[in-house]
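# Architecture at a glance
So you can see what is in the structure, the chains are spelled out below.
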Amino acid sequence: MNTGWRLAFVGLAWPLGAALQLQERSLQAPGAYVLMGVIGALAIAVALRWPRGWFAAVLGLALLAFALTGGRASMRQGELLGAALEGRDVRITGVVASLPQRGVSGQRFQFDVEQAMLDDQGVALPPRISVGWYQGFQGEAAPSELQRELRAGQRWQFTVRVRRPHGLLNPHGFDLELQSFEQGVGASASVREALPPLLIERAAAHPVERWRQRVRDAIDAQVSDARAAGVLAALAVGDQSAIDRDDWDLFRRTGIAHLVSISGLHVTMFAWCAGAIVGRLWRRSVRAMLWLPAPTAALWGGVVAAAGYAVLSGWGVPAQRTVWMLATVAALRSAGLRWPWPLVLLAAASVVTLLDPWALQQPGFWLSFAAVGLLMVSSPTAHGREAADPLTPVLRLCRVIGEGLRTQLIATIGLAPLTLVFFQQISLVGFAANLIAIPLVTLVITPLALLGTLVPVLWTVGAWCVAMLVGLLGWLAQAPVAVWSVGVAPWWAQLSALLGAALLVMPLPWRVRLSALPLVLPLLLPPRDLPGPGQFELVAADVGQGTAVIVRTRSHVLLYDSGPRYSPESDAGQRVLLPLLRARGDERIDRLVLSHRDTDHIGGAPALLAQWPVGDLLSSLEPQHPLLLEAQQRAVSAPRCEAGQRWEWDGVRFEVLHPAPEVYESAPKPNTLSCVLRVQGVGMSALLTGDIERDQEIRLLREHPDALRADVLLAPHHGSKTSSSAAFLDVVHPHVAVFQAGHHNRYGHPADEVLERYRERGIERVDSPHCGAWVWRSDAPAASGRCTRESNHRYWHWRDPGAP
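Reading the values: the criteria
The numbering scheme is per chain: residues are counted from 1 as the chain's sequence reads. Note on the predicted model: pLDDT of at least 70 is required for a residue's local features to be given, and 80 or more for side-chain atom pairs to be given and counted; whole-chain, interface and lining totals, by contrast, use all residues. Only heavy atoms go into the side-chain values, all of them from the structure, while hydrogens and water stay out. A pair of strands is labelled paired if DSSP reports no fewer than 2 bridges between them. Secondary structure is summarised from DSSP: a helix means a run of H or I of at least four residues, a strand means a run of E of at least two, and numbering begins at the N terminus for each. Fitted lines through C-alpha atoms serve as axes, helices being fitted only where they are in contact, and the angles separating the N-to-C directions of these axes extend from 0 to 180 degrees. Contact definition: two residues touch when any of their heavy atoms are within 4.5 Å. By convention a nonpolar core is built from buried Ala, Val, Leu, Ile, Met, Phe, Trp, Tyr and Cys residues, the set being connected through side-chain atoms within 4.5 Å. Residue exposure (1.4 Å probe, protein chains only): buried if accessible area is under 20% of the type maximum, exposed if over 50%, otherwise partly exposed. By definition here, a salt bridge exists when the distance from a side-chain nitrogen of Lys or Arg to a carboxyl oxygen of Asp or Glu is within 4 Å. Roughly parallel means an angle under 35 degrees; roughly antiparallel, over 145; roughly perpendicular, 65 to 115; everything else is oblique. Should the near helix be turned anticlockwise from the far one by less than a right angle, the crossing is termed left-handed; should it be turned clockwise, right-handed. Lys, Arg, Asp and Glu make up the charged group, whereas Ala, Val, Leu, Ile, Met, Phe, Trp, Tyr, Cys and Pro make up the nonpolar group; the residues left over, Gly among them, are polar. Working definition: a ring pair exists when centres of Phe, Tyr or Trp rings (six-membered ring for Trp) sit within 6.5 Å. Plane angles under 30 degrees give stacked, over 60 give edge-to-face, the rest tilted. The disulfide criterion is simple: two cysteine sulfur atoms within 2.5 Å. Polar contacts here mean pairs of N or O atoms no more than 3.5 Å apart (in protein, one a potential hydrogen donor and the other a potential acceptor; neighbouring residues in sequence count only if both atoms are side-chain atoms).

### Some points on the sheet that holds strand β24 (residues 764–767)
Strand pairing in a sheet is mediated by backbone hydrogen bonds. Such pairs are either parallel or antiparallel. Judged by pairing direction, the sheet is mixed, and its seven strands sit side by side in the order β18-β19-β20-β21-β22-β23-β24 without closing on themselves. The sheet terminates laterally at β18 (646–649) and β24, the two strands that pair on one side only. Along the sheet, successive strands turn relative to each other by an average axial angle of 20°, direction set aside. Where strand β23 (residues 736–739) lies against β24, four bridges are found, and the strand directions are parallel. By the bridge assignment, F739 is partnered in β24 with D767. Contacts from helix α28 (residues 752–760) reach β22 (712–714), β23 and β24 within the one sheet, and its direction differs from that of β23 by about 165°.

Structure, rendered in structure tokens:
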């Protein structure tokens, strides 16, 4: 085996060792990691003394990476909030460590804890926590004077309720607990204003964050257009929360979301410009060139400038990765090493995973390295085919434009499979949008955003450019098929497509490139594991305090309720259900059933109606409800749900059991109108009950005693004390009951006395905080349902302190 291959295996060893450690479901004892580290170090020592010991070096580096990552994880896990403080109100003193992320209903920020008191006794909290300070769910209340005073770098005293980080966990969904673990956030907290917060010092620490805060405030004061101000703040100081949700949707739909956050592209462009300036200035001094060659000075000048830009923009994870990549390349060149590009990438990946091993779990890591690798492998210079003939200025300009088009085409084609793997969608107008946005954002808007810190009027010019860009993107987004979505493909299809994309962009004969097209097809048309005739699949999504259940037959999809509205800017439809439907390959919702009008059941419906094809809407909503009016505008039929309605899809029978028509005339509150739906497959059934209470349960027992038996029961009213009567449970007699409720919700759902009734009857209980999304196929026993939190569990995920 030649030296190049040996170096490649050695370069792969560290990322591979770290990646293997990230698969651990629970951490080992610290002594085990120490032992592995010692063995790894000994193996490396043997490799250094033995000329043919490259295999020992590979094994040693992998073991050392596994041990170091595990040891760091053990230290971070030791900093998590203790179980004794879970849900307690603690008085804390410390410093606001990040730019507050503002929303309509409040703001969230990271907080460095200096002191914590519980009942006048000192207690130990994690050194850094995430704090939310809200003035009301719907945001009707104006921010208080104290809330308007909050700035980065200030020292405050708060009373907060603390909890260990716990997020929603759905198949292929965002992992909040991983993000918190990677950032070193050991607890989440919410401000309690029974004892008013106290501002102690305005400029206590974090001078960089204070500067970023001043810049953001200055942008808000200079630019009247809130949408443009948000984009400028994101580009100048990395405040992505300043961008409006609708704008984020537009940027994702047109494939330019990476351009309006501090990404590797911005940091690299900044390094390139700074390096060019340093090199030009360095060549003006003979003494400087004698001390250090101009190319080396330009190289490291660019790295230092990029690091400074990354720090001033918030030192986000994507910016950190890019800085470490640039520093690795600079170090290799300064050492006189001219490695092939794959070895350079492997070296950079090893450095990044050494500093942040959890980056391997983030799509941005793979997209960044893939983009650089594709450009390297497809470049003519990488294969010795660079043109050396002199060019006139006009031809040189044509070549620059041609190379720009070629680069964008390569990035679009080459990254498309990886984008589909991670996000299950790709913008079909992204190529055109990026041709406009890349030069406009990187060469005009971003420089204006940065130079505005010196000459604020430039922010006004930047705002005009942002408005022009948004207008152009809005026009592109109106294309009939602007976004293409596919379901999650099997691992072999993903690998095949990635190989095919690499071959398509490499400088190879076209016959070879075209032969790679079949390799991409399994990702574009992934095989689907659909229920058989007469069978159905049920997914109780993890939406927090609310209800959302997907029922899929062989060729139809029903969604029962749409989850809650979390805040004026966020709801379960946008955050959970749309990504989940996309990942599952469900191209439309044939029937959306909204059981009743409570916000925790219909909160996600507006996003679904706006962004996903819906066949019809079945609900108990009043005729003038805004959702029904919106459905009418979108030509979605919206009949009223009534007992006796029946239909059959693919051999699976659906029947509405409640409410009867006369109930609409006398219903005192929305819960009494909850649409109760029974789903009957071949041999197995499910009963979806909304928020019915004891009186509705009695009515069902009287009117439909023979139709209530079910293998799976969606627990009425999330397990409230007013529901799940003994008589009702005896008749339904389910094998499994699913409680969709929020973690530590304020209602106390499910109630202990209700859980005891289920326990007495031997009914298996599944709740969202412990289970995440629950997935069950009706061709298997109900007890075989799968909890996402269990099947996908890793050591950074929340686990019940009382669990074995």
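### Here we look at the nonpolar core
Counting 38 residues, the largest nonpolar core has I219, V223, L232, F251 and I445 as the members making the most contacts within it. Secondary structure elements with two or more residues in this core: α6 (207–222), α7 (226–237), α8 (245–253), α16 (430–451) and α17 (457–477). Contacts of L232, omitting those with residues within four sequence positions, involve I219, V223, I445, A449, W459, G462, A463 and V466. Core analysis: the next-biggest nonpolar cluster, separate from the first, contains 34 residues, V549, V593, A686 and V766 among them.

### Observations concerning the pattern of salt bridges
Scanning all chains against the criterion turns up 34 salt bridges. Between R128 and D112 there is a salt bridge, with its nearest N and O atoms 2.7 Å apart. One end of the pair, R128, is in strand β5 (residues 128–134); the other, D112, is in strand β3 (residues 106–118), and 16 residues separate them in sequence. Among the ionic contacts, a cluster of salt bridges with common partners joins R528, E537, R552, R584 and D586.

### Here's the deal with the pairing of β18
Across the two faces of β18 the burial differs, with W647 and W649 buried and R646 and E648 not buried at all. Bridging between β18 and strand β19 (residues 652–658) involves four bridges; their strand directions are antiparallel. When the bridges of β19 are listed, R646 appears paired with E655. Hairpin connection, β18 to β19: the antiparallel pair is bridged by two residues, and D650 has positive phi, about 55°.

### Notes on the sheet that holds strand β13 (residues 557–560)
Strand order in the open sheet formed by seven strands is β17-β16-β13-β12-β11-β25-β26, and the pairing between neighbours is mixed. Two strands lie at the open edges of the sheet, namely β17 (614–619) and β26 (786–787), each paired on one side alone. Bridge analysis of strand β25 (residues 774–777) against β26 gives two bridges, and the strand direction is antiparallel. Bridging from a neighbouring strand, W774 pairs with C787 of β26.

### Things to note about the packing of helix α2 (residues 30–49) against helix α3 (residues 54–78)
Their axes nearest at 7 Å, the elements α2 and α3 cross at an angle of 155°. When the axes of α2 and α3 are compared, the pair comes out roughly antiparallel. Note on packing geometry: the crossing formed by α2 with α3 is left-handed. Of the residues in α3, those in contact with Y33, M36, G37, I39, G40, A43, I44 and A47 of α2 are A56, A57, G60, L61, L63, L64, F66, A67, G70, G71 and S74. Grouping the constituent residues of the contact of α2 with α3 by class yields 13 nonpolar, six polar and no charged.

### Considering the packing of aromatic side chains
Throughout the structure, instances matching the rule amount to 25 aromatic pairs. Residues W133 and F158 carry aromatic rings whose centres are separated by 5.3 Å and whose planes lie at 75° to one another, so their mutual orientation is edge-to-face. Here F158 lies in strand β6 (residues 155–163) and W133 lies in strand β5, a separation of 25 residues in the sequence. Of the two residues, W133 and F158, both sit in the buried class.

### Quick word on the state of the cysteines
Working definition: the covalent bond between the sulfur atoms of two cysteines is a disulfide. Per the counting criterion, the structure on display carries two disulfides. Note on cysteine connectivity: C641 is disulfide-linked to C675, with sulfurs 1.9 Å apart. When the S-S torsion is -75°, as for the bridge of C641 with C675, the disulfide is left-handed. You can see C641 sitting in the loop between α24 (626–633) and β18 and its partner C675 sitting in the loop between α25 (663–666) and β20 (676–680), a full 34 residues away along the chain. The pair C641 / C675 is uniform in exposure class, with both members buried. Residue pairing for C771: its cysteine sulfur links by disulfide to C787, the two sulfurs lying 2.2 Å apart.

### Here's the deal with unusual backbone geometry
Peptide bonds are, in most cases, trans, and in most cases residues other than glycine have a negative phi. Between H658 and P659 the backbone carries a cis peptide bond, its omega angle lying at 5°. Tracing the backbone through its elements, the reader meets P659 in the loop between β19 and α25. Following H749, the chain continues to P750 via a peptide bond in cis, the omega torsion being -10°. Of note, H172 is a non-glycine position whose phi angle comes to about 65°, a positive value. When you line up the elements, H172 lands in the loop between β6 and α5 (176–183). Phi at H744 takes a positive value of approximately 55°, unusual for a residue other than glycine. With respect to the secondary-structure elements, H744 resides in the loop between β23 and α28. A residue is classified by how much of its surface remains accessible, and H744, at 39% relative accessible area, is partly exposed.

### Concerning the side chain of R513
Mapped onto the elements of the fold, R513 is located in helix α19 (residues 510–514). Looking at R513, the relative accessible area reads 15%, which means it is buried. Leaving out residues up to four positions away in the same chain, R513 has contacts with L503, L504, M506, P507 and L508.

### A few points about helix α21 (residues 572–584)
A large share of α21 lies buried, amounting to 11 of its 13 residues. Restricting attention to buried positions, one finds in α21 the residues A572, G573, Q574, V576, L577, L578, L580, L581, R582, A583 and R584. Here α21 starts with a cap whose side-chain oxygen sits 2.9 Å from the backbone nitrogen of G573, and that cap is D571. Immediately beyond the C-terminal end of α21, within one or two residues, lies G585, with a positive phi of roughly 80°.

### Some points on the packing of helix α18 (residues 491–505) against helix α20 (residues 517–524)
α20 packs onto α18 with a crossing angle of 140° between their chain directions and a minimal axis gap of 7 Å. One way to sum up the angle between α18 and α20 is to call them oblique. Where α18 crosses over α20, the two elements pack in a sense that is left-handed. From α18, W492, A493, Q494, S496, A497, L499, G500, A501, L503 and L504 reach across to α20, where they touch L517, L519, V520, P522 and L523. The class makeup of the residues in the contact of α18 with α20 is 12 nonpolar, three polar and no charged.

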